[in-house]
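# A closer look at the structure
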Amino acid sequence: MTIQETLDKCVSRDLIDITISDRRIKSEDRPVKIKIRPVMIKDHIEYQVSEFIGKKVFHKNYSSQSVKELIIEYLTTEFKQAQITTTSMSATILSSKSGTTTCKCKGLKEVKAQKDLSHNRTKKYILKEGKAVDFLVDLGVMTKDGVIVKSKYDKFRQINRFLEFIEDILPKLDKDKEQTIIDFGCGKSYLTFAMYYYLKELKGYNIRIIGLDLKEDVIEHCNELRKRYGYDKLDFYVGDIASYKDVDCVDMVVTLHACDTATDYALAKAVSWGAKVILSVPCCQHEANKTINNEMLAPVMEYGILKERMAAIITDAARAELLKANGYETQILEFIDMEHTPKNLLIRAVKTGKVNEEARREVAEMEKNLNVNLTLFRLI
């Protein structure tokens with residue numbers, strides 16, 4: 001299938017979105033990625049093209065024919081790939097330096113719902129703009145009138161994105177029984193406060209949340225804030241992930257940016273407790289980087305930054321698979337847009353009880369072939 005045939009098939013009212021990415025040559029004054037979606041303008045469909053240049057986004061609307069021509073131009077001159085999603089299929093277009101393109105289309109198992117086609121569509125956040133929330137005001141994210149501070153909008157988006165991950169797993173939490181949640185390495189705890197506010201104040205769940213961190217001054221400050229807000233089922237303690245033993249049963253474990261193997265100890269604790277839900281954003285995956293070695297990957301290992309990224313990918317993939325091996329359904333999701341930070345991937349695991357021994361064997365084989373010995377493999 002040619003690029004023209006692919007676009008003729010996908011660019012219609014059923015189009016959900018197109019993402020064009022992977023620039024051939026970086027340029028500060030040219031877009032790093034393109035997003036395209038259909039919009040309804042005066043009772044007819046046009047296609048809104050959003051160019052992401054630096055921290056700004058520029059929008060322009062095109063007709064069906066014009067947007068197809070623009071996409072072909074992008075892929076033949078500036079970008080290497082496009083990912084297309086419609087209500088009934090997905091397609092990928094890959095463009096090589098020589099000018100050849102490869103197009104693949106496949107039907108979806110389930111028909112997707114079309115998004116809102118209104119032209120000035122606004123993002124519906126879980127925490128609403130215009131309603132002041134104490135901890136967001138203290139963080140400087142909101143004014144006392146509930147207006148989002150412009151320079152803190154990324155933080156506002158991040159908090160809401162985190163709550164969206166929790167919203168997805170709400171059916172796994174028992175609303176009629178107290179649910180214990182532990183946040184390992186909670187730090188300043190803005191996401192911990194957000195989680196409490198969302199589950200307790202907005203959704204009415206019977207919860208107890210425990211925040212754990214090694215910094216005494218940070219924990220003292222967090223306890224002062226939770227008293228001020230009246231969050232009586234939220235407590236913060238000084239403690240270490242590996243040695244924490246003050247509870248016997250935990251329903252959800254959260255570990256955000258726990259450095260290196262601290263993530264592994266948190267995941268192991270979660271599995272030992274039989275936690276229904278695990279949300280983990282790993283950070284600084286140094287362990288595999290120290291020993292990773294493979295003759296086939298020698299060109300990658302030659303470059304420190306690529307070796308570091310490869311080690312991080314291998315570590316997080318192994319973590320997800322080992323959780324799967326221990327009876328969890330796992331996903332690796334993007335926490336916030338990759339343009340903000342290359343490390344914010346979130347592992348979300350939901351307990352199913354279905355042990356997967358094949359996943360463990362595959363991790364063992366990978367460890368052997370890449371000369372790595374990961375902590376989590378030894379712990380669970």
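Residues numbered from 1 in each chain as written. Predicted model: local features only at pLDDT ≥ 70, side-chain atom pairs only at ≥ 80, totals over all residues. Heavy atoms only, no water.

### Considerations on the side chain of Gln179
How we decide: Labels follow the DSSP assignment, with helices taken as runs of H or I lasting at least four residues and strands as runs of E lasting at least two, numbered in each case from the N terminus. Polar contact is the term for a pair of N or O atoms within 3.5 Å; when the atoms are in protein, one must be able to donate a hydrogen and the other to accept it, and sequence-neighboring residues count only if both atoms are side-chain atoms. Only heavy atoms enter the contact rule, under which two residues are in contact if any of them lie within 4.5 Å.
Position of Gln179 among the secondary structure elements: in strand β8 (residues 179-184). Polar contacts involving the side chain of Gln179 include one to the main-chain amide nitrogen of Asp174, which spans 3.3 Å. Polar contacts involving the side chain of Gln179 include one to the main-chain carbonyl oxygen of Lys177, which spans 3.1 Å. Beyond its immediate sequence surroundings of up to four residues, Gln179 is in contact with Leu173, Asp174, Asn206, Ile207, Arg208, Asp251 and Lys276.

### Here we look at the packing of helix α10 (residues 304-325) against helix α11 (residues 357-370)
The condition is simple: Axes here refer to lines fitted to C-alpha atoms; in helices the fit is confined to the stretch in contact. Angles between the N-to-C directions go from 0 to 180 degrees. Orientation categories follow fixed angle ranges, with anything under 35 degrees roughly parallel, anything over 145 roughly antiparallel, 65 to 115 roughly perpendicular, and all other angles oblique. Two helices cross in a left-handed way if the nearer one is turned anticlockwise from the farther one by less than a right angle. They cross in a right-handed way if the turn is clockwise. Classification convention: Asp, Glu, Lys, Arg as charged; Ala, Val, Leu, Ile, Met, Phe, Trp, Tyr, Cys, Pro as nonpolar; all other residues, Gly among them, as polar.
At a closest axis distance of 8 Å, the pairing of α10 and α11 adopts a crossing angle of 155°. Relative to α11, the element α10 lies roughly antiparallel. Between α10 and α11 lies a crossing whose hand is left-handed. Taken together, the residues of α11 that come into contact with α10 (itself represented by Ile314, Ala318, Glu321, Leu322, Lys324 and Ala325) are Ala359, Arg360, Glu362, Val363, Met366 and Leu370. For the contact of α10 with α11, the class distribution of residues is 8 nonpolar, no polar and 4 charged.

### Focus on the pairing of strand β9 (residues 207-213)
Just so we agree on the cut-off: The buried label goes to any residue with under 20% of its type's maximum accessible area, the exposed label to any with over 50%, and the partly exposed label to all in between, with areas taken from a 1.4 Å probe on protein chains only. For two strands to pair, DSSP has to find at least two bridges joining them. By the criterion used throughout, a crossover qualifies as right-handed when its path from the first strand across the helix to the second strand runs clockwise, the strands pointing away from the viewer.
Burial analysis of β9 places 6 of its 7 residues in the buried class, which makes it a mostly covered element. Note that β8 and β9 share 6 bridges and pair parallel. Bridging across to β9, Ile182 finds its partner in Ile210. Taking the sense of rotation as the criterion, the β-α-β connection linking β8, helix α5 (residues 190-202) and β9 turns out right-handed. Where β9 meets strand β10 (residues 234-238), 5 bridges bridge the pair, whose relative direction is parallel. Looking at β10, one finds that Leu212 is bridged to Tyr237. Considered for its hand, the β-α-β crossover made up of β9, helix α6 (residues 216-229) and β10 is right-handed.

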